[in-house]
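# Topology and contacts: notes
Here are the chains, one letter per residue:
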Amino acid sequence: MLFNSLDFLIFFPIVVFVYFIVPKKIRYLWLLGASYYFYMSWNAKYAILIAISTIITWLSGMLIGRIKKTGWKKTIVAASLLSNLGILFFFKYFDFAITSLNEVLSRFDFQIIDRKFDVLLPVGISFYTFQALSYTLDVYRGEIEEEKNFLKYALFVSFFPQLVAGPIERSKNLVSQIKKIETINVWNYERIINGLIMMAWGLFQKMVIADRMAIFVNEVFDHAYQYGTIELILAAVGFAIQIYCDFAGYSTIAIGAARVMGFDLMENFNTPYFATSIGDFWHRWHISLSSWFRDYVYISLGGNRCSKVRKYVNVFITFLVSGLWHGASWTFVIWGALHGFYQIIGLLLKPIRQKITKIFHVNTNAFSFEFGQILITFSLTTFAWIFFRAESLKAAITYIKQMVTHWNPWVLFDKSMYAIALNETECKVLLAAVCFLLIVDLLKRVKNTNLSDFLIQQNLWFRWAVVIALLMSILIYGIYGIQFDSTKFIYFDF
Amino acid sequence: MKKIIRLFLFILVLIGVFIGAYRVLKWKDTAGDYLSTTTMLYETEENTMDVVFLGSSHVYCAIMPNILWETYGISAFDMATSGQDRESTYYHVKEVLKTQAPKVICVDLGCMVYDGYGVEGNLYRNMLSMKLSRNNVELIDASVPEEERMDFITRWPIIHTRYGELQKYDFITNDVSTFGRGAALPLDITQPNMDMEAIKYKDIGEIPEDKLEWLERMIKLSKDEEFELVFFNAPFRMDINQKGIYNAIAVFLEKEKIPYIDFNQEGMLPTLDYASDFLDYAHTNIYGGTKVTKYIGEFLAENYELEDHRGDELYKVWDLDAEYCKHYIQAPLIATESDWISYVNYIQNSEGMVVVISLDGDYDSSSLDLYGMLVPLEIEGKYHKGGKWIMENGDFITYISGDDMEPFVKDIGEDILTVQNIVVKNDVSEMFANIMINNEEIGVSYRGLTIMIYDKILHKVIDIRCYY
């Protein structure tokens, strides 16, 4: 059930209405049932996997909470990690591992392994596995107490707004809210309106920008050999915007939906393309995942409390794993490696950069300096996105090769851009929508407020005008209906 | 309470904006100049149609209600849509019966040899032109794959993408007087490669079960709703297998005592000329359509007591349609007329037209006797000074001398005509014709005698020519 589907348009109001009126004590049961229904609407069988993951991590939490001996605790954590990651590996990486192994074997003339595991990747498996694991690790670290009510814990793992594409909630935040579900004042008008505006903004990002941009991006990436520098640069930038609007759009809908029901989910995106460095980018992009890797991988590897070389190795490993988390393909590994490489080079060059700014008396407080940093960071992340989006490593290399060798600036003036995939009207709609996105992100960057909070503070006529314009834009300019085979949210596959 | 009122008001405003947007974006037959036959049906006075023809493009090419009106005063209507299949025909009959009580309903059987919609636009045309009602939902259920039905019923998922093609008539409603009676009146001629063996073929084939069921359903509907049902088969190219089915249908309908006119039978319409009466292999043109319509007109006049409604104010739309068709048929004759005196005759009898006659540039040097050509037009003015003469309904209305730089502006129905002498700056001796419709120059700038004819009924320039 996609957020941008008629099914969800029916499902969500029913769930919310019933949730508002049922006795407080059974609210969590209703949400748990709704969450499993939501998940099973993709594939009922895969509910078994999420149930297994829930049982294992809940039991591990209970055991860790009761056992005193550290050794046993470690064993239980390891068992929980191994079993959960084992399921994840089996469904997500088994084929990739076999294919990669076969490539190596075939080079040495060994017989290849003919054992493919041909099933669909369970939607959102990486998200709920990481969320469930965070609970085991948090209980082990003593950061939270174990949740004794299994069904409440099951709701934490399967809470439908963020179940299939995050944010990957921390047990510290969400379990405690579920614990107090009876105390939530559900009929809070401002909160409900705020949540609904967030959902509308998320849908706008997804349906008006991301899905429209995808039409152009898909055409150029699928036929990169036909295009020159300008189209390829625009498609790479287009993909940067597409994936941002797709993923941030999903997160915004999820946060908004949870807010309507009285839950506060963590912020997942904070104007990532205004980042002034790659490190800063990862503090702003998919915050719930990057902080998960920081807390449970990077710190577990030793973090920065070690030698410089070890620290760089830790950074690189963390990003490699992060790349692999995004998909079972070498393109994701390279994407992760590139980000690790950017980080390490950035750290290594830091003294030189500081020296240069000193020698040339560069005013680092000036807007131009910050703007330059933003441009460089955006260029680097956009370049890395080429690997993320490309179908294969070979395709990514072809793309880059074509981009640097086929200089064709005239296409910006001869209107041939309109013949690629989006006609002039569609391009204008897209441009206007991206400009609106830029305004909203600037608002966040400068005033540190999101669209819904900003609108709630405005006069009624302005608030109504913006919300009605937003809703009508989704209805008219959103990509949906018969003519369009809805692109599901990109991150569902991760 | 205040918050609930505010929320209620917000929803009201939102609904208002949505309805406004829906009206603009709703499906309209843009390929038919925003005039779908279903819209024509809805805009027609209730209980005025005596004969209704249903079917696909075969029907709107072959049946010309204007001929039935002018000859017999029969108020006929082509409830035909491109690609109209059997289900669409059935439900369109039901739609017609909601507001009309025709004595005779003639159904074309072209739909017996195809299933569904080959062209996606035709699916929209057949499903979405009809007003949303139970009948429409039943048609959608019968025609659209299950997963797409809600899109067709709610319509918005389909029509919201129309923002890229909006035009004038998406924002304003077309004048009811411009609605015709459903005929297309194609003028082009193509000689189709007809299968003459099929036309002569006499063997009886087998009617497929679903098609037989449909025939029975149509017959039942005619009995339930008490109208006379006539089946016909407009001329088109078919193969012998298809002809075998039609022969079987003829036998079946004879048994059921339902009249059936098959124009694809040898000797059925001897005057039909395959060299000149077809638009393409599947459709007759205006010349073939005239022959088919006359035949059907005679059949209707002989077999049914149909009232002559000519002169009745209630049936004015048929008069307007006949006038429109007359202009439509006459326009190409005027444009291709090469004899000057005959052309002048058209101009002098140009009811419903505006004519601009323009003498420009070095017309004195012309090899033609341009002044002499102007004489039979009986227009006032000094020919040697050049300039523009404007006529309306065959009458001279004004003259702009060649040295008069003031523009002449006239409202000609939906359009604005502007006529002006213009001096080209780099060569003051050259004067050019400048005739504009809605601020857009029509034709090219010529020297000598330029004539432009604008038809106010057709809302377009039907001829522009130059003599030098």
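As the structure is a computational prediction, the values presented were derived from the model and not from experiment. Numbering of residues starts from 1 in every chain and runs along the sequence as written. Each chain takes a letter, starting from A, and each ligand takes a number, starting from 1, following the order in which they are written. Given that the model is predicted, a residue must reach a pLDDT of at least 70 before its local features are reported, and side-chain atom pairs must reach 80 or more before they are shown or counted; all residues, however, enter totals for whole chains, interfaces and linings. The side-chain values count all of the structure's non-hydrogen atoms but skip hydrogen atoms and water molecules.

## A closer look at the overall build of chain B
Note the following rule: Secondary structure elements follow DSSP: runs of H or I of four or more residues count as helices, runs of E of two or more count as strands, with numbering from the N terminus. In what follows, residue pairs with any heavy atoms lying within 4.5 Å of each other are defined as contacts. Surface exposure here means Shrake-Rupley accessible area, sampled with a 1.4 Å probe, where a residue is shielded only by the protein chains that are shown. Counted as positive: Lys and Arg. Counted as negative: Asp and Glu, with His and the chain ends omitted from the count. The atoms used to mark charge sites are NZ of Lys, CZ of Arg, CG of Asp and CD of Glu.
Of regular secondary structure, chain B possesses 17 helices and 16 strands. For chain B, the C-alpha atoms occupy an extent of roughly 80 × 80 × 40 Å along the three principal directions. Contacts in chain B between residues far apart in sequence, at least 24 positions, make up 72% of those at least 6 positions apart. As displayed, chain B offers around 21,700 Å² of accessible surface, 51% of which is attributable to carbon and sulfur atoms. One finds the centroid of the 42 positive side-chain charges in chain B at a distance of 6 Å from the centroid of its 77 negative side-chain charges.

## Details of the sheet that holds strand 8 (residues 353-360) of chain B
All names here are of chain B. Heads up, the rule is: What makes two strands pair is DSSP finding at least two bridges between them. Structural elements are reduced to axes, namely lines fitted to C-alpha atoms, with helices fitted over the stretch in contact, and the angle between N-to-C directions of any two is expressed from 0 to 180 degrees.
Read from one edge to the other, the open sheet built from five strands follows the order 10-9-8-15-16, with strand pairing classed as antiparallel. A strand with exactly one partner marks an edge of an open sheet, and here the two such strands are strand 10 (395-401) and strand 16 (460-467). If you compare each strand with its neighbour and ignore which way they point, the axes differ by 15° on average. In this structure, strand 9 (residues 387-392) lies alongside strand 10, joined through six bridges in antiparallel fashion. Within strand 10, the position partnered with Trp389 by the bridge is Tyr399. Strands in contact with helix 15 (residues 316-335) are strand 8, strand 15 (448-455) and strand 16; relative to strand 16, the strand with the most contacts, it is inclined by about 15°. Of the strands in this sheet, strand 8, strand 9, strand 15 and strand 16 touch helix 16 (residues 340-348), which is tilted by about 40° from strand 15.

## A closer look at the environment of Tyr260 of chain B
Residues and elements named next belong to chain B. Cut-off, in case you're wondering: Identification of polar contacts relies on pairs of N or O atoms within 3.5 Å, with a donor-acceptor requirement for protein atoms, meaning one able to donate a hydrogen and the other able to accept it, and with residues adjacent in sequence counted only if both atoms are side-chain atoms.
Tracing the backbone shows Tyr260 in strand 5 (residues 260-262). Each C-alpha atom, one on Tyr260 and one on Cys106, is 9.2 Å from the other, the two residues being 154 residues apart in sequence. Within polar-contact distance, the side chain of Tyr260 engages the side chain of Asp262 at 3.5 Å.

## A few points about helix 18 (residues 460-477) of chain A
Basically, it comes down to this: Each helix should span, by expectation, one fewer than its residue count multiplied by 1.5 Å. For the exposure calls, accessible area comes from a 1.4 Å probe over protein chains only, and a residue counts as buried if that area is under 20% of its type's maximum, exposed if over 50%, partly exposed in between.
In this model helix 18 of chain A runs 25 Å from its N-terminal to its C-terminal C-alpha over 18 residues, within 8% of the 26 Å that 1.5 Å per residue would give. Taken as a whole, helix 18 of chain A has its buried residues at Arg463, Trp464, Val466, Val467, Ile468, Leu470, Met472, Ser473, Ile474 and Ile476 of chain A. Tucked inside the fold, the buried residues of helix 18 of chain A contact helix 8 (189-222), helix 16 (424-447) and helix 17 (451-456) of chain A together with helix 1 (2-25) and helix 9 (156-159) of chain B.

## What about the packing of helix 5 (residues 125-140) of chain A against helix 6 (residues 150-158) of chain A?
All names here are of chain A. Our working definition: In these notes the angle categories are as follows: under 35 degrees is roughly parallel, over 145 is roughly antiparallel, 65 to 115 is roughly perpendicular, and the rest is oblique. Polar here means any residue outside two lists: the nonpolar Ala, Val, Leu, Ile, Met, Phe, Trp, Tyr, Cys and Pro, and the charged Asp, Glu, Lys and Arg; Gly therefore counts as polar.
Helix 6 packs onto helix 5 with a crossing angle of 135° between their chain directions and a minimal axis gap of 9 Å. As far as their axial angle goes, helix 6 and helix 5 are oblique. Across from Tyr128, Gln131, Ala132, Ser134 and Tyr135 in helix 5, the residues of helix 6 making contact are Tyr153, Phe156 and Val157. In terms of residue class, the contact of helix 5 with helix 6 is built from six nonpolar, two polar and no charged.

## A word on a nonpolar patch on the surface
Residue and element names in this part refer to chain A. Heads up, the condition is: The residues that make up patches have over 30% relative accessible area and no salt bridge, and they are joined within 9 Å when like-charged or within 5 Å when they are Val, Leu, Ile, Met, Phe, Trp or Tyr. By convention in these notes, a salt bridge is any Lys or Arg side-chain nitrogen within 4 Å of a carboxyl oxygen on Asp or Glu.
A contiguous nonpolar patch, built from Phe341, Ile345, Leu348, Leu349, Ile352, Ile356, Ile359, Phe360 and Val362 and spanning about 820 Å² of accessible area, is present on the exposed surface. Mapped onto the elements of the fold, Ile345 is located in helix 13 (residues 330-359). A residue is classified by how much of its surface remains accessible, and Ile345, at 31% relative accessible area, is partly exposed.

## Observations regarding the packing of aromatic side chains
Residues and elements named next belong to chain A. Put simply, the rule reads: The aromatic pairing rule takes the rings of Phe, Tyr and Trp, using the six-membered ring of Trp, and pairs them if the centres are within 6.5 Å, calling planes under 30 degrees apart stacked, those over 60 edge-to-face and the rest tilted. When the NZ atom of lysine or the CZ atom of arginine is within 6 Å of a ring's centre and also within 35 degrees of its normal, the charge is said to sit over that ring.
Taken as a whole and assessed by the stated rule, the structure comprises 76 aromatic pairs over all chains. Each ring, one from Tyr39 and one from Tyr128, has its centre 5.9 Å from the other, and the planes form 85°; the classification is edge-to-face. Note that Tyr39 is positioned in helix 2 (residues 27-40) and Tyr128 in helix 5, a separation of 89 residues in sequence. Among the residues examined, Tyr128 registers a relative accessible area of 2% and is labelled buried. Their ring planes at 55° and their centres at 4.9 Å tell us that Phe159 and Phe263 sit as a pair that is tilted. Residue Phe159 is found in the loop between helix 6 and helix 7 (171-179), and its partner Phe263 is found in the loop between helix 9 (229-260) and helix 10 (278-284); the two are separated by 104 residues along the sequence. Neither residue differs from the other here; Phe159 and Phe263 are each classed as buried. In this structure, Arg27 packs its charged tip against the face of Tyr19, placed 5.7 Å from the ring centre. Over the aromatic face of Tyr28 sits the side chain of Lys152, whose NZ or CZ is 5.2 Å from the ring centroid.

## Some words on the sheet that holds strand 4 (residues 228-233) of chain B
Residue and element names in this part refer to chain B. If you walk across this open sheet you meet the five strands as 2-1-3-4-5, and the pairing is parallel. Unpaired on one side and paired on the other, strand 2 (76-80) and strand 5 mark the two borders of the sheet. The sheet shows a mean angle of 20° between the axes of neighbouring strands, direction not considered. Against the sheet, helix 12 (residues 209-225) touches strand 3 (104-108) and strand 4, its axis set at about 145° to strand 4. Against the sheet, helix 13 (residues 240-256) makes contact with strand 4 and strand 5, and its axis sits at roughly 155° relative to strand 5, the strand it touches most.

## Some details on the side chain of Gln131 of chain A
Positionally, Gln131 of chain A belongs in helix 5. Once residues lying within four places of it in the same chain are set aside, the contact partners of Gln131 of chain A are Phe156, Val157, Gln162, Pro167, Ile168, Glu169 and Leu174 of chain A.

## Some remarks on the interface of chain A and chain B
What counts, and what does not: The term buried area refers to how much accessible surface (probe radius 1.4 Å) is lost by two components on association, counted for both of them together.
Taken together, the 22 residues of chain A in the interface contact 22 residues of chain B. Of the roughly 2,000 Å² buried between chain A and chain B on both sides combined, carbon and sulfur atoms contribute 73%. Two residues, Glu190 of chain A and Lys3 of chain B, come together in a salt bridge whose shortest N-O distance is 3.6 Å. Along the contact surface separating chain A from chain B lie seven residue pairs in polar contact (both at pLDDT 80 or more). Where the side of chain A that touches chain B is concerned, the elements lending two or more residues are helix 8, helix 16 and helix 18 of chain A. Sorting elements by how many residues they give to the side of chain A that touches chain B places helix 18 of chain A first, with 10 residues. In the side of chain A that touches chain B, the residues fall into 14 nonpolar, four polar and four charged.

## Let's talk about the domain arrangement of chain A
Residues and elements named next belong to chain A. Just so we agree on the cut-off: What marks off one domain from the next here is an automatic or database domain assignment.
Assigned domains of chain A: these are domain 1 (6-187) and domain 2 (191-493). One C-alpha centre belongs to domain 1, the other to domain 2, and the line joining them spans 26 Å. Taken together, the contacts link 42 residues of domain 1 with 37 residues of domain 2. It is Phe96, Phe130 and Arg170 that lose the most area in domain 1 upon contact with domain 2, and together they represent 18% of the buried surface on that side. Inspection of the domain 1/domain 2 interface yields one salt bridge.

## Re a negative patch on the surface
All names here are of chain B. Side chains of Glu307, Asp312, Glu313 and Asp319 sit close together on the surface and give a patch of like negative charge. Structurally, Asp312 can be placed in the loop between helix 14 (286-303) and helix 15. Looking at Asp312, the relative accessible area reads 33%, which means it is partly exposed.

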